Amino acid sequence: MSSIPVGFTISLRSWPAADKVNNNLALDSVVARINAERANRGGFRELTKERLQLEIEEEAAEEDDESEEEGEDAPVDRAKEIQATKVTLIQNIDMILDSARSAQSFATLALSKDMPQVVDSARSSNTLLGGEREPNHFWEHIQKTVPMKTLGMDKMQGSLVTYARKEENKSVARGWKIQNLSKTVDSILAAATRLETEMELETKYWDQVLSIDDGGWAMCHMQYEKHTLGVRFGFMEGAQRNLSMAALRRGPDGDILLDAGLDSEPKAIRVRIQGHHSFASSSVPKLYEDGSPVQFRIQQARNTVFATELWQEITREARNLLDFGVAFEGDTVVCPFTPGKTLILELIPLKDSGFVLPHPDNKMADGISVGLQLLLSLAHRQNHHRRTRQPVPLRASKPDTQPYSLIRPLLTRLNHQKSVESMHKLITSTITTLKSTGIEASYSQLARAAPVHPNAAPTERVILSLMDRLEMQTKLQIIPGIGLDIISRTDMFPIASTIHKITLSPPDSPLRDLCPPPEFDIDNWDHVEDYILFANSCSLATYILNLQKLSPFPSQSSHSQPSVPPSFSEEEWQPSVNPNAILKHVKDTGVEKHLTLEFEKAPAEEVLCRARWEMVGDEDIFEPGSGNKRGSENGSYEWRSVGANMDDSDEVQVVVRSLAEVAGI
Amino acid sequence: MRELFLTFVVNDDAKDRSLNILEKFCDMKSQIILQRQLLWVPLPKRMQKKEVTKKPGALAKLVETSNDPMKVLECHLNRLPYMLILQYDIKTEQYGTEVDCDETTATLIWTDIPIPGDSQQVNDRDRVQIEIKAEDHPCSKMNDLKYRYVGEIIKDGYRFVHGNISIDLVRTVQTSATAGSKNEQGNNVPKIVPDYDKIERQPESRYVMSAKIDVEDKKLIQQGKDELLALQKELQGSFNLKFQDRFLFDTRVRV
């Protein structure tokens, strides 16, 4: 133990381990150990970096001194070294001898089977030293423990593997190794290239996926392929809510392949208006092929779902509208539009859309197409309201699901416009005719506001106001104190036609007794027309009666114009049994003069007013002083809305006679 | 009408996450619930003349055949004393304003104690709900039924709809508003709507989620239960809707 320096303190305790919780050494024990080791060198307090470096240098200097001292003791150790070497040499020689003996013993045992005579000679062996035979103890031990003739040997065929062959094998192996290494390098390079390509493709794919997500589309896992990403493009309240999803698969070039299922051919609704040997058509969206940007293709898929649902709902509704003239012709739905025109609706693939020829009604067709889409969106909105409102209690009877109203609002709107137009034409013609009689009549038409749905969104209110409870108020002022107030309302249900409510204005006008309007609503336009014309007739009769109260009796008219009705004097007009006729008694005769006023519809939307007078009584009574028979004084006068006026000779008179003049007032 | 329901308690700090989950699950934005519930109990005199029908099954037959919910309600009230609720839908703009509850349309609600069941089922109870229009004076109607006002609860929360099931997430607070002086009709319902935002809540205030389905036809009760249990299974993991002890919903009172 001379190598251990004096004063070295050996600690039987291991260096303190770090605290597992705070990973700090137990500082106290470390400081104590340092103090114990360096007790004669100042302990822990004097431990600095410079002092440690100084100590290391001092130790190195001491080792150099020791090696110099060892060089002075070299000759003394040499003798010892030689002696040790001699001993080692002798030991090695003994070992060689033992090995030789054991080899000999082994050979002898092996030969004992075939050459028993060698067993005797092996009992003694020459030693390497001096040639004296010494007993082979090793052989004696083997003889005692191992029976003779138990070890056999035979000559084997020598190995065919020559040195040359071995060298050849080595070079073949080397060649294989090089070849496989090359292959490995090539495959690694190929893998790296493929990985790089794959990264580019994946980057391209995910860039497009991110762009889809940024576009606001809803992304999710496919239902039956959890590892595949899909985009949901359907409508939450639509019929095909669960099917409107497309898988986003990566194509060979990194582009997204939109896999929307089997029946994913892009389609659209086309609206055509068929006139006299011509077709107007709505525009159809452009077809986006597979190479187009993915967002456009998703939008196209969404539009296809929308168009498909729209078509299904149109056909479903059309089955209930057969009474309105809606019909199926092949794959199209045909609806009446305006007189002479029909509306044709169909679902077409976008690739078959073709070019749209210019036509004046193309914009109308576009408008109807947009209108149908808005109505379907409104139906979706109503589905949402129905789904999210407080659920009704479970009942045995389930409510019927009515088809959406898509064509019906269109028919309602058309019917309403037709009624309003008819009313406008009739009233305008009537007013013109009245004016030509000298009566200043007037009218006004006002579209009444539809009731506001308080809970509906503004967009819904706009659409509902265009298709629900369409009303028009027409106010006709015939003569002061007599007028008509007509409210025409068209409702979608049940029959989408217009009903008219006629009231008098003011309510206590003379027409209340003469020709009161029907108390019920009238749905037949002809009846409305008849009443308006009849009311005008009655109003004119009342007008004449009122006039004669205001003006003196007219003087006897001249006979220079035989076409002008004769004047009446002294007698007054009075009401007759018919509210549109008046009569007066001719003085000193038994004759009554009847004046009947009639309004009629004439061809070309014309309204004519006819004043027809006739003498009722004794035909032999002559007019005093004239010698003319009174029976020859029957006649008529007409006023037309176009301005030309006729007398009973059917000759057009340029000079317009007022009603008062005709009545002789 | 029968009401089937399951409930679950949601902590206040989990409200936003719960709303998020329900919005996605039901595919809709939440509908706000803000209701003022006036509590009424019978007068002691009322129960002196009990008209308890003696025919077995007569009440059940009346419930099945009668189209007059008020008649059905009166029949129930004549058997046992219950607490009734007059419910008013309010808006935040009405906080602190004067509202005459007798001149406002209200909903009269009566619920019976749920029938006994086990944890594998849903809570099941009878319910009668009658709308009383303003011109019919709801508070006066309560006086006619010999009921008196005893307190007020404000309920606020959110509602979602999933098929036939209504999912409510509400919290309640009993106002400390003192009863007002008796008005002309003889009740002392306070006229001022409390300012809900200023009412102190308990520190452990929580939302109660209830999924309920109403059934009119008795033959469809099992269908309603199946739908509720299916919903329970779907929401498992997010919300542990479960059957509760029926006495938690006992509205019977001691007179």
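Residues numbered from 1 in each chain as written. Chains lettered and ligands numbered in written order. Predicted model: local features only at pLDDT ≥ 70, side-chain atom pairs only at ≥ 80, totals over all residues. Heavy atoms only, no water.

Caption draft 1: Summary view of the overall build of chain A. A count of helical and extended segments in chain A gives 13 helices and 22 strands. Classification of the 665 residues of chain A by burial places 35% in the buried group. In chain A, the share of contacts with a sequence separation of at least 24, taken over all contacts with a separation of at least 6, comes to 56%. Counting only carbon and sulfur atoms, one obtains 56% of the accessible surface of chain A, whose full area is about 41900 Å². (Helix = DSSP H or I, 4+ residues; strand = E, 2+ residues; numbered from the N terminus. Buried < 20%, exposed > 50% of the residue type's maximum accessible area, 1.4 Å probe, protein only. Contact = heavy atoms within 4.5 Å. Areas by Shrake-Rupley, 256 points an atom, 1.4 Å probe, with all protein chains shown as cover.)

Caption draft 2: Region of interest: the overall build of chain B. Scanning chain B from terminus to terminus reveals five helices and eight strands. Along chain B, helices (α) and strands (β) appear in the sequence β-α-β-α-α-β-β-β-α-β-β-β-α when read from the amino end. Counting only residues that meet the buried cut, chain B has 47% of its 255 residues in that class. Surface accessibility of chain B: about 14000 Å² in total, with carbon and sulfur atoms responsible for 46%.

Caption draft 3: Up close: the confidence of the model for chain B. All names here are of chain B. Averaged over every residue, the pLDDT of chain B is 83; residues scoring 70 or more account for 83%. Across chain B, the element-wise mean pLDDT spans from 63 in helix H2 (residues 58-65) up to 93 in strand E4 (residues 106-111). We note a pTM of 0.68 for the whole complex and an ipTM of 0.84 for its interfaces. (pLDDT = per-residue confidence, 0-100.)

Caption draft 4: The pairing of strand E1 (residues 2-11) of chain B, seen in detail. All names here are of chain B. The element E1 is largely enclosed, with a buried count of seven among its ten residues. Sheet analysis places E1 next to strand E8 (residues 206-215), joined by ten bridges and oriented antiparallel. Bridging from a neighbouring strand, Leu6 pairs with Ala211 of E8. (Pairing = 2+ DSSP bridges.)

Caption draft 5: Spatial organisation of the packing of aromatic side chains. Evaluation of the coordinates by the stated rule reveals eight aromatic pairs over all chains. Ring geometry for Phe235 of chain A and Phe306 of chain A: centres 5.1 Å apart, planes at 55°, overall tilted. Taken as a pair, Phe235 of chain A in the loop between strand E4 (229-232) and strand E5 (245-250) and Phe306 of chain A in helix H7 (residues 294-318) lie far apart in primary sequence, 71 residues in all. Residue class for Phe306 of chain A comes out buried when judged on its relative accessible area of 11%. Taking 5.2 Å as the distance between ring centres and 85° as the angle between the ring planes, the aromatic pair formed by Tyr82 of chain B and Trp110 of chain B counts as edge-to-face. In this pair, Tyr82 of chain B sits in the loop between helix H3 (69-79) and strand E3 (84-89) while Trp110 of chain B sits in strand E4, placing the two residues 28 residues apart along the sequence. Tyr82 of chain B sits in the buried class, given a relative accessible area of 1%. Residue Trp110 of chain B is classed as buried on the basis of its relative accessible area, which comes to 0%. (Phe/Tyr/Trp six-rings, centres within 6.5 Å; stacked < 30°, edge-to-face > 60°.)

Caption draft 6: Representation of the packing of helix H8 (residues 362-388) of chain A against helix H10 (residues 458-467) of chain A. All names here are of chain A. At a closest axis distance of 11 Å, the pairing of H8 and H10 adopts a crossing angle of 120°. Taken as axis vectors, H8 and H10 run oblique relative to one another. Considering how the two elements wind past one another, H8 and H10 form a crossing that is left-handed. Touching Leu374, Leu375, Leu378, Arg381, Gln382 and His385 of H8 are Thr459, Glu460, Ile463, Leu464 and Met467, all from H10. Classifying every residue of the contact of H8 with H10 gives six nonpolar, three polar and two charged. (Axes fitted to C-alpha atoms, helices over the stretch in contact; angles between N-to-C directions. Parallel < 35°, antiparallel > 145°, perpendicular 65-115°, else oblique. Left-handed = near helix turned anticlockwise from the far one by under 90°. Nonpolar A, V, L, I, M, F, W, Y, C, P; charged D, E, K, R; others polar.)

Caption draft 7: The interface of chain B and chain A, seen in detail. At the junction of the two partners, chain B supplies 19 residues and chain A supplies twelve residues. Buried area between chain B and chain A, summed over both chains or domains, comes out near 1300 Å², and the portion from carbon and sulfur atoms is 53%. When the area that chain B buries against chain A is broken down by residue, the three leading residues are Asp27, Val161 and Glu216 of chain B, summing to 36%. Applying the counting criterion to the chain B and chain A interface returns one salt bridge. The shortest N-O distance in the salt bridge between Glu216 of chain B and Arg395 of chain A comes to 3.0 Å. (Buried area = accessible area lost by both parts, 1.4 Å probe. Salt bridge = Lys/Arg side-chain N within 4 Å of Asp/Glu carboxyl O.)

Caption draft 8: View of the sheet that holds strand E10 (residues 332-336) of chain A. Residue and element names in this part refer to chain A. Read across the open sheet, the five strands follow the order E8-E7-E11-E10-E9; overall the sheet is antiparallel. If you trace the sheet from one side to the other, it starts and ends with strand E8 (279-281) and strand E9 (327-329), each paired once. Direction aside, the axes of adjacent strands within the sheet are offset by 30° on average. In terms of strand pairing, E9 meets E10 through three bridges, oriented antiparallel. Each residue of the ladder has a partner; that of Phe328, found in E10, is Val333. This element, H7, spans strand E7 (267-274), E9, E10 and strand E11 (342-349) of the sheet and lies at about 50° to E7.

Caption draft 9: Geometry of unusual backbone geometry. With an omega of -5°, the peptide bond running from Ser505 of chain A to Pro506 of chain A counts as cis. The phi angle at Lys149 of chain A is positive, at roughly 55°, despite the residue not being glycine.

Caption draft 10: Focus on the pattern of salt bridges. Taken as a whole and judged by the stated rule, the model has 38 salt bridges over all chains. The residue Arg489 of chain A makes a salt bridge to Asp491 of chain A at a minimum N-O spacing of 3.1 Å. Glu3 of chain B is the salt-bridge partner of Lys212 of chain B, the closest N and O atoms lying 4.0 Å from each other. On the criterion of sequence distance, the pair formed by Lys212 of chain B in strand E8 and Glu3 of chain B in strand E1 is long-range, its members being 209 residues apart. Of the residues examined, Glu3 of chain B reaches a relative accessible area of 2% and is grouped as buried.

Caption draft 11: Structural context of the environment of Pro336 of chain A. All names here are of chain A. Note that Pro336 resides in strand E10. By relative accessible area, Pro336 is classed as partly exposed at 31%. In the structure, Pro336 is positioned 62 residues away from Gln274 in sequence and 10.0 Å away in space, judged by C-alpha atoms. Sequence-distant contacts of Pro336, defined by excluding residues within four places in its chain, comprise Phe324, Gly325, Val326, Lys341, Leu411 and Leu414.

Caption draft 12: Local environment of the side chain of Arg159 of chain B. Among the secondary structure elements, Arg159 of chain B is positioned in strand E6 (residues 147-162). In this structure Arg159 of chain B comes out as buried when scored by relative accessible area, which is 18%. Sequence-distant contacts of Arg159 of chain B, defined by excluding residues within four places in its chain, comprise Gln390 of chain A together with Met28, Ser30, Gln31, Ile33, Ser166, Ile167 and Asp168 of chain B.

Caption draft 13: A look at helix H9 (residues 407-436) of chain A. Relative to the 44 Å expected for 30 residues at 1.5 Å per residue, H9 of chain A spans 44 Å between its end C-alpha atoms, a close match to the ideal helical length. Looking one or two residues beyond H9 of chain A, the residue adopting positive phi is Gly438 of chain A, at roughly 95°. (Expected span 1.5 Å × (residues − 1).)

Caption draft 14: Representation of a negative patch on the surface. All names here are of chain A. Among the surface-exposed residues, Glu57, Glu58, Glu59, Glu62, Glu63, Asp64 and Asp65 lie close enough to one another that they form a single negatively charged patch. As for its position among the elements, Glu59 is in helix H2 (residues 49-72). Residue class for Glu59 comes out partly exposed when judged on its relative accessible area of 49%. (Patch = residues over 30% accessible without salt bridge, like charges linked within 9 Å, V, L, I, M, F, W, Y side chains within 5 Å. Lys, Arg positive; Asp, Glu negative; His and termini not counted. Charge placed at Lys NZ, Arg CZ, Asp CG, Glu CD.)

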